[in-house]
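Each chain, letter by letter, is given below.
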Amino acid sequence: MNEITMNDLIGLVPYAPIIAVVITVLVVMIAITIKRSHMVTGTITVVGLNIALVTLLGQMTGFIESGAIAPNAEQLFVIDNFAQFNMVIVLVCALACCTLSYAYLADLKDNKEELYLLMLLSTIGALLMVSAQHMASFFMSLEMLSVPLYGLLAYTYMRNRSLESGLKYLVLSATASATLLMGMAFIYAEVGSLAFKPISMVLGNIFESPLLILGAAMMMFGIAFKLSAAPFHMWTPDVYQGAPVPIATFLASVSKVAMMALAVRFLIDTSLLALPSVQMLLMVMATLSILVGNLLAVRQTSLKRLLGYSSIAHMGYVMIVIVSIGAAADSISSMYMAVYAFTSIGAFGVVTLMSSPYRLSGEADELTHYQGLFWRRPVLTAVMTIMMLSLAGIPLTAGFITKLFAILAAVQGTNWFLAAMIILGSAIGLFYYLRVLLTLFKRPKQFIEFDVSGQWGIRTGGIMVIAVTAIILFFGILPNSMIEWASLARIW
């Protein structure tokens, strides 16, 4: 039996934030075994995620020893600047989702503690995804993210829609994973390597290989499903609508950030973006995502479905960045996904606060539930207004800066058609985002079905939503710090 040496332990130092979350999972499991307590479990979860976040930020700024990882193309994971940037976003989003879950689950009659356990396991999967650089770690980390989500989506199984949401995601996600795995098999059969970078080294000799093109296409189909890009988007609005709101928030933020980071690293490291067929596939999916997402969102009366279709369109915008500037897309795509994740947390956070505590009858999902909200909750209305304007890409919000960079990327790549698609999609999106705002300022209804508590602004969930709003405004007005930080998110 091999002994663990000091060098082995030093080699684990860069992975300290991930290890912190793993230890948190073990502590939560022990705590649940000893005594079930919603407050204790929630507190341990939040403390563990905060320790991981502080450790990561300390490593990034140099206050904490981060160790040194020599670039090695054959290892399963790599902790580079790109991975660290996306890990910060994943941890912040996971913290926000746990915070929203605590108030939401307050009146749930069933066990509440396992939700935090599943959320932590899924977060570990996301942290591993952003640092994966090998087909094996690609698939294992993706499944570690996805499998707990099946249980999270169906956690409030007393509601038929929640149960349907979990089952639908389970069946379709399994199909996408099988397609992804088959694509990996085809690429391995042709290239003879599972690591990302060695694939790029032999790509020139087999550039037009039918097996390679088929494998790349199948992998792109699997990635598109996880990103809910058209035409693999059909599950998204149904799953968003049926899921408990904090879990829909988790799916829209943590899951999307991790999957996009992994997709960007995979496409850049393997140089598959050099294949004309992959470029064409990305262009088609981006165009369809923008058109389908925005046009179908126009008809929605459910706010969760509207945000689901909106996410489809936003994935299309990021795909345009990737196909337009290729290897330089890592920092811009990371910045776009970070702002999108924070904006989604703010929008879904308002829905969560309006829906809390848990009700068997349903959530504040319909637009009519928000009619006249301004006249009784002006601060909450301001939060939702800023989130909608950011999603629409209106100036003085962070969403405007990221959408501007997406257009500049398309222009830099001389993809004038794709630049026009971003502008067209934004114009259509403006219609339904403003429709939400119009509802907020209408004459209030006499019968109020859902409302937040009078003290919502000084409670944990409310403070978090206000903080996210401040971030969106700050980076919209003074974007230099965000741009400088995102520019460091480069793949080694």
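- The protein goes by NADH-quinone oxidoreductase subunit N in an unreviewed UniProt entry, where it is assigned to Psychrobacter pocilloporae.
- According to the UniProt record, the Sequence similarities (unreviewed entry) comment for the protein reads "Belongs to the complex I subunit 2 family."
- On record in UniProt, under Catalytic activity (unreviewed entry), the comment for the protein is "a quinone + NADH + 5 H(+)(in) = a quinol + NAD(+) + 4 H(+)(out)".

1. A word on the overall build of the protein
Phase 1: Check the secondary structure of the protein and you find 19 helices and 0 strands.
Phase 2: For 492 residues, the compact-globule estimate of 2.2 N^0.38 gives 23 Å, and the C-alpha radius of gyration of the protein, at 22 Å, lies within 12% of that figure.
Phase 3: Projected onto its principal axes, the C-alpha positions of the protein cover 70 × 55 × 45 Å.
Phase 4: Here the protein holds 492 residues, and the buried ones make up 60% of them.
Phase 5: Taking as baseline every contact in the protein between residues at least 6 positions apart, the subset at least 24 positions apart corresponds to 81%.
Phase 6: In the structure as shown, the protein presents an accessible area of about 18,900 Å², 70% of it carried by carbon and sulfur atoms.
Phase 7: Across the protein, 24 positive and 22 negative side-chain charges occur, with their mean positions spaced 15 Å apart.

2. Description of the pattern of salt bridges
Phase 1: Within this structure, the stated rule accounts for 10 salt bridges.
Phase 2: Residue Asp80 pairs with Arg265 through a salt bridge whose shortest N-O separation is 3.0 Å. Taken as a pair, Asp80 in the loop between α3 (38-61) and α4 (81-104) and Arg265 in helix α11 (residues 245-270) lie far apart in primary sequence, 185 residues in all. Here Asp80 and Arg265 have matching classes, each one buried.

3. Topic: unusual backbone geometry
Phase 1: Look at the link from Ala230 to Pro231: it is a cis peptide, with omega at 5°.
Phase 2: Positive phi, normally seen in glycine, also occurs at Leu396, with a value near 75°.
Phase 3: Assignment of secondary structure puts Leu396 in the loop between α15 (378-392) and α16 (398-412).
Phase 4: On the accessibility criterion, Leu396 (54% relative accessible area) is exposed.
Phase 5: Even without being glycine, Thr414 reaches a positive phi, approximately 55°.
Phase 6: Take Thr414: it is sitting in the loop between α16 and α17 (416-440).

4. Side note on the side chain of Thr45
Phase 1: Looking at the element boundaries, Thr45 is found in helix α3.
Phase 2: In this structure Thr45 comes out as buried when scored by relative accessible area, which is 0%.
Phase 3: Excluding anything up to four places from it in sequence, Thr45 contacts Thr24, Val28, Cys98, Tyr116 and Leu120.

5. Things to note about the packing of helix α6 (residues 135-153) against helix α7 (residues 160-191)
Phase 1: One can describe the packing of α6 onto α7 by two numbers: an axis separation of 9 Å at closest approach and a directional angle of 170°. Regarding the angle of α6 to α7, the classification is roughly antiparallel. In contact with Met135, Phe138, Phe139, Leu142, Glu143, Ser146, Leu149, Tyr150 and Leu153 of α6, α7 contributes Ser162, Ser165, Gly166, Tyr169, Leu170, Ser173, Ala174, Ser177, Leu180, Leu181, Met184 and Ile187.
Phase 2: For the contact of α6 with α7, the class distribution of residues is 14 nonpolar, 6 polar and 1 charged.

6. Here's the deal with α3
Structural remark: α-helix, 3.6 residues per turn; residues separated by three or four positions point the same way.
Phase 1: In a regular helix each residue adds 1.5 Å, so 24 residues correspond to 34 Å; α3 covers 34 Å between its end C-alpha atoms and thus fits that length.
Phase 2: Regarding α3, the residues found buried are His38, Thr41, Gly42, Thr45, Gly48, Leu49, Ala52, Leu53, Thr55, Leu56, Gly58 and Gln59.
Phase 3: Those residues of α3 hidden inside the fold are in contact with α2 (16-34), α4 and α5 (113-129).
Phase 4: Trailing α3 by a residue or two, Gly62 shows a phi angle of about 95°, which is positive.

7. So, the confidence of the model for the protein
Phase 1: Residues at a pLDDT of 70 or more form 95% of the protein, whose mean pLDDT is 89.
Phase 2: Here helix α1 (residues 6-11) stands out as the element of the protein with the lowest mean pLDDT, 63, in contrast to α5, whose mean of 95 is the highest.

8. Examining the packing of aromatic side chains
Phase 1: Taken as a whole, this structure holds 14 aromatic pairs when the rule is applied.
Phase 2: Measuring from centroid to centroid gives 6.3 Å for Phe138 and Phe196, while their planes differ by 80°, and the two rings are edge-to-face. Remark: Phe196 occurs in helix α8 (residues 196-202) and Phe138 occurs in helix α6; sequence separation between them is 58 residues. Each member of the pair Phe138 and Phe196 is classed as buried.
Phase 3: Ring geometry for Phe196 against Phe266: centres 5.3 Å apart, planes inclined by 70°, an arrangement best described as edge-to-face. You can see Phe196 sitting in helix α8 and its partner Phe266 sitting in helix α11, a full 70 residues away along the chain. Assigned by exposure class, Phe196 and Phe266 land together as buried.

9. Some remarks on the nonpolar core
Phase 1: Phe138, Phe266 and Leu282 are the most contacted members of the largest nonpolar core, which has 172 residues in total.
Phase 2: Residue contributions to this core peak at 18 residues, all from α11.
Phase 3: Once residues lying within four places of it in the same chain are set aside, the contact partners of Leu282 are Met220, Leu267, Leu273, Met319, Ile322 and Val323.

Conventions used here
- Residues numbered from 1 in each chain as written.
- Predicted model: local features only at pLDDT ≥ 70, side-chain atom pairs only at ≥ 80, totals over all residues.
- Heavy atoms only, no water.
- UniProt positions renumbered as here; feature names shortened; annotations may be inferred.
- Helix = DSSP H or I, 4+ residues; strand = E, 2+ residues; numbered from the N terminus.
- Rg over C-alpha atoms; globule rule 2.2 N^0.38 Å.
- Buried < 20%, exposed > 50% of the residue type's maximum accessible area, 1.4 Å probe, protein only.
- Contact = heavy atoms within 4.5 Å.
- Areas by Shrake-Rupley, 256 points an atom, 1.4 Å probe, with all protein chains shown as cover.
- Lys, Arg positive; Asp, Glu negative; His and termini not counted.
- Charge placed at Lys NZ, Arg CZ, Asp CG, Glu CD.
- Salt bridge = Lys/Arg side-chain N within 4 Å of Asp/Glu carboxyl O.
- Axes fitted to C-alpha atoms, helices over the stretch in contact; angles between N-to-C directions.
- Parallel < 35°, antiparallel > 145°, perpendicular 65-115°, else oblique.
- Nonpolar A, V, L, I, M, F, W, Y, C, P; charged D, E, K, R; others polar.
- Expected span 1.5 Å × (residues − 1).
- pLDDT = per-residue confidence, 0-100.
- Phe/Tyr/Trp six-rings, centres within 6.5 Å; stacked < 30°, edge-to-face > 60°.
- Core = buried A, V, L, I, M, F, W, Y, C linked by side-chain atoms within 4.5 Å.

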